[in-house]
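# Observations on the three-dimensional arrangement
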Amino acid sequence: MKNKWFWVWLSTLAIPVFSLIVVQIDTNSGASIGGGGYDLGPFLYSWLLIIVTGVWSLCTLVTALILRDRAAKIRALGLTAMGSITFVTVLLLYQNNLS
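Here is what the cut-offs are and how they apply
- Residues numbered from 1 in each chain as written.
- Predicted model: local features only at pLDDT ≥ 70, side-chain atom pairs only at ≥ 80, totals over all residues.
- Heavy atoms only, no water.
- pLDDT = per-residue confidence, 0-100.
- Helix = DSSP H or I, 4+ residues; strand = E, 2+ residues; numbered from the N terminus.
- Buried < 20%, exposed > 50% of the residue type's maximum accessible area, 1.4 Å probe, protein only.
- Contact = heavy atoms within 4.5 Å.
- Phe/Tyr/Trp six-rings, centres within 6.5 Å; stacked < 30°, edge-to-face > 60°.
- Lys NZ or Arg CZ within 6 Å of the ring centre and 35° of its normal.
- Patch = residues over 30% accessible without salt bridge, like charges linked within 9 Å, V, L, I, M, F, W, Y side chains within 5 Å.
- Areas by Shrake-Rupley, 256 points an atom, 1.4 Å probe, with all protein chains shown as cover.
- Salt bridge = Lys/Arg side-chain N within 4 Å of Asp/Glu carboxyl O.
- Core = buried A, V, L, I, M, F, W, Y, C linked by side-chain atoms within 4.5 Å.

Across the chain, the average pLDDT comes to 86, with 84% of residues at 70 or higher. Helix H3 (residues 70-93) holds the highest mean pLDDT among the elements of the chain, 93, whereas helix H1 (residues 2-23) holds the lowest, 89.

So, in structure tokens, the structure goes:
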């Protein structure tokens, strides 16, 4: 049961991150978000990606601080580390889209 929650937490990070990265891959130059001659898609999706990974990491950290079971606390801290690494990686990769 405890491993089930680990995979649930991990999937709540992986699915949105994967989806937001896939959405940013430009396969065609069709209609854009924002209209006119500019595309707000990379800007919006990059910020959404940063927000999702940041909030997820904070939630896992709070969960790790609340839990009393030592093994569950260590798993939650591991998830926090994964979320933080994902956050920093996404921030470095998509920093040009954020302004």
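Turning to the environment of Pro16, a few remarks are in order. Position of Pro16 among the secondary structure elements: in helix H1. Owing to a relative accessible area of 26%, Pro16 belongs among the partly exposed residues under this scheme. If near-sequence neighbours (up to four positions away) are discounted, Pro16 is found in contact with Ser11 and Val52.

The tally for this structure, following the rule as stated, stands at two aromatic pairs. Seen from their ring centres, Phe6 and Trp7 are 5.3 Å apart, and the 85° between their planes marks the pair as edge-to-face. By relative accessible area, which is 56% here, Trp7 ends up exposed. A ring pair is formed by Trp9 and Trp56, whose centres lie 6.1 Å apart and whose planes are at 70°; its orientation type is edge-to-face. With Trp9 in helix H1 and Trp56 in helix H2 (residues 41-66), this pair connects stretches of sequence that are 47 residues apart. Looking at Trp9, the relative accessible area reads 25%, which means it is partly exposed. Over the face of the ring belonging to Trp5 we find Lys4, whose NZ or CZ atom lies 5.9 Å from the ring centre.

Our focus in this paragraph is the side chain of Ser57. For Ser57, the position within the fold is in helix H2. Sequence-distant contacts of Ser57, defined by excluding residues within four places in its chain, comprise Thr80, Gly83 and Ser84.

The next thing to look at is the side chain of Gln24. With respect to the helices, strands and loops of the structure, Gln24 is situated in the loop between H1 and H2. Setting aside chain neighbours within four positions, we find Gln24 in contact with Pro42, Tyr45, Ser46, Leu49, Tyr94 and Asn97.

This paragraph deals with the environment of Gly41. Note that Gly41 resides in helix H2. Placed 56 residues apart in sequence, Gly41 and Asn97 show a C-alpha to C-alpha distance of 9.3 Å.

A cluster of nonpolar side chains, Leu40, Phe43, Leu44, Trp47, Ile51 and Val55, forms an exposed patch at the surface whose accessible area comes to about 500 Å². With relative accessibility at 32%, the residue Phe43 sits in the partly exposed group.

Okay, the nonpolar core next. Residues Phe6, Leu10, Leu13, Val17, Leu20, Leu49, Ile50, Trp56, Leu79, Val90, Tyr94 and Leu98 constitute the largest nonpolar core, which totals twelve residues. Broken down by element, the residue count for this core peaks at five residues, all from H1. In this view, Leu13 contacts Thr53, Trp56, Gly83 and Thr86; residues no more than four positions away in its chain are not counted.

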